[in-house]
Amino acid sequence: MAIGLDDVIAAETILSHVDGEAGRLIIRGHDLEELAGHVTYESAVAMLWDGLVPLQGDPRAVFGEARAGAYARLSPLAAHLKGLTPVEGMRLLLAALPDSERDHASLAVGAAAVAAAMAVRGAQGLASIAPDPKAGHAADLLHMLRGAPADEGEARALDTYLVTILDHGLNASTFTARVVASTEAGLLSSVVAGLCALKGPLHGGAPGPVLDMLDTIGSADRAEAWLDAAIARNERLMGFGHRVYKVRDPRADVLKVAAATLKGRDNRIAFAEAVEKAALAVLARRKPGRRLDTNVEFYTALLLEALSVPREGFTPLFAAGRTAGWVAHAIEQARAGRIIRPQSRYVGTWPAEAA
Ligand code: ACO
C-alpha cells in the first residue's frame, strides 16, 4: 500500500493532465506553453470553466465585479488580520464567506485575490486597498498588494504566473478540495480546505523557503558545499523534487523566462541559475536514481521577489491563482455525485488480543 497514494487514480477530469515523464502540463487541451504569457488569467479561467461555470459577459468585467463585491464583504474584517501570517489571514477572510450564493464561483476567485492582498498588507500593519473593477485581474492584484500601480511588464509577468499555476491535476490541495466538495459541503468550504492543504512547505509553502535558502547560501561559489551539507543533514532542498514529475517541471522554465523580463535584484536570476545547477548536481550525486529536478516553486520565488512581493505573501498569491482550479474541480466532483470515502487497513490491536 502506498501511504502517499502514489499512482492511485482517484478522479476523472477534463481539466488538466500532468505527464511526469514527458514534463508536460495540459490544461483543457492546451499545453501550458500555449497559454502562459499568451492569454490573460481571466480568459484562462473562462476556458478552464467552460461547460462547468457559466460566466455572464466579458470575463475581465465579471472578475472585476467579483473583486469589488468581495472587497465590500471582506474589508470590514481587516482589523482581525493583526498578528496573523498572510496565509492565516487569507484563511480567515475566505472562511468568512457564505457557501451558497449566486455567482459564488466568480466570487471565490475575486475574493481570493482581495483576501491575498488584504492579508499580506494586514500582516504588515498596512491598510487594505480597494480593487478597481475595471483593471485586469493581475494588475489589480499587484495594486491591492503593493499600494502602487503595476507597470505593464509587471502585470504581464504576474498574469503569466497566475495562468501557470491555474490548475495542475490531482495535487494535494486539489484532491482536498474535491474531497470536501464530494460531501456537498459547499464551494467556499472546498476553497478554504484547498488553501489549508496548500500552505504546507511540501506543497505551496515552498517558495518563501527557496529565497531563505538562496539568502543563506549567499554566493554562487558557496552553493555546492552548502547544498551538500544540507542533504547530509537530511534536509530537503526547497524547489526541487516532485511526486509526479520525474523530469523538469515545465512550469519552472515558463516562470524563469517571465522572471528574467523583470529587473528585480541585480544578478539574482544568474545567481539562482548557479544554485539550481549546483543543486541538481548534488541531488544526482547524493540521491542517485530518485530523479529529482527543479519544480515550479524555485522560479516562482524569483519572479515574485522581482515583483516586490514579500516572501510571506508567496503562498497567498499561489492560492489566489489556484482558487479557480479548486473551484473547477469542486464543481466537477460535485457533478460526479459520489462521496470520496476510501478505506484504511486496521493495524491496531484487536479486542481479543488487548484483553
Ligand atoms: N531535496 C532532497 N531530497 C529530496 C527532495 C528534495 N527536495 N525531494 C525528494 N527527496 C528525496 C527524499 O528524501 C527521498 O530520498 P530517500 O529515497 O533517500 O529516502 C527520495 O527523494 C524520494 O522522496 P519522496 O519523499 O518519496 O518524494 P515525494 O514524492 O513524497 O515528495 C515532494 C515530493 C514533497 C515535492 C518532495 O520532493 C519535497 O519535499 N520537495 C521539497 C519541497 C518543495 O519543493 N515543495 C514544492 C513542490 S511543488 C508544489 O507542490 C506546488
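Residues numbered from 1 in each chain as written. Predicted model: local features only at pLDDT ≥ 70, side-chain atom pairs only at ≥ 80, totals over all residues. Heavy atoms only, no water.

## Examining the nonpolar core
Ranked by internal contacts, the top residues of the largest apolar core, which has 107 residues, are Trp49, Leu158, Tyr161 and Leu227. At 14 residues, the largest contribution of residues to this core is made by helix H5 (residues 104–123). Among residues more than four places away in sequence, those in contact with Tyr161 are Leu255, Thr300, Leu303, Leu304, Phe314, Leu317 and Phe318. (Core = buried A, V, L, I, M, F, W, Y, C linked by side-chain atoms within 4.5 Å. Buried < 20%, exposed > 50% of the residue type's maximum accessible area, 1.4 Å probe, protein only. Helix = DSSP H or I, 4+ residues; strand = E, 2+ residues; numbered from the N terminus. Contact = heavy atoms within 4.5 Å.)

## So, the domain arrangement of the protein
Under the domain assignment used here, the protein contains domain 1 (28–202 + 309–336) and domain 2 (207–306). Look at where the C-alpha atoms of domain 1 and domain 2 centre, and you get two points 26 Å apart. Taken together, the 20 residues of domain 1 in the interface contact 23 residues of domain 2. Approximately 1,700 Å² of surface area, both sides summed, lies buried where domain 1 meets domain 2, with 71% of it carried by carbon and sulfur atoms. Among the residues domain 1 hides against domain 2, the three largest losses belong to His168, Arg311 and Phe314. Together they make up 37% of the total. Taken together, the connections running from domain 1 to domain 2 amount to two salt bridges. Taken together, domain 1 and domain 2 are joined by five residue pairs in polar contact (both at pLDDT 80 or more). When residues of the side of domain 1 that touches domain 2 are traced back to their parent elements, those giving at least two are helix H1 (32–35), helix H7 (152–164) and helix H15 (314–336). Considering each element in turn, the side of domain 1 that touches domain 2 owes the most residues, seven residues, to H7. Taken together, the residues of the side of domain 1 that touches domain 2 sort by class into 12 nonpolar, four polar and four charged. (Domains from an automatic or database assignment. Buried area = accessible area lost by both parts, 1.4 Å probe. Salt bridge = Lys/Arg side-chain N within 4 Å of Asp/Glu carboxyl O. Polar contact = N/O pair within 3.5 Å; in protein donor to acceptor, adjacent residues only side chain to side chain. Nonpolar A, V, L, I, M, F, W, Y, C, P; charged D, E, K, R; others polar.)

## So, H7
Compared with an ideal rise of 1.5 Å per residue, which puts 13 residues at 18 Å, H7 spans 18 Å between its outermost C-alpha atoms and is within 8% of the ideal. Burial runs high along H7: 10 of the 13 residues are buried. Where H7 is concerned, the buried positions are Glu154, Ala155, Ala157, Leu158, Asp159, Thr160, Tyr161, Leu162, Val163 and Thr164. Regarding H7, its N-cap is Asp151, as a side-chain oxygen of that residue lies 3.0 Å from the backbone nitrogen of Gly153 further along. (Expected span 1.5 Å × (residues − 1).)

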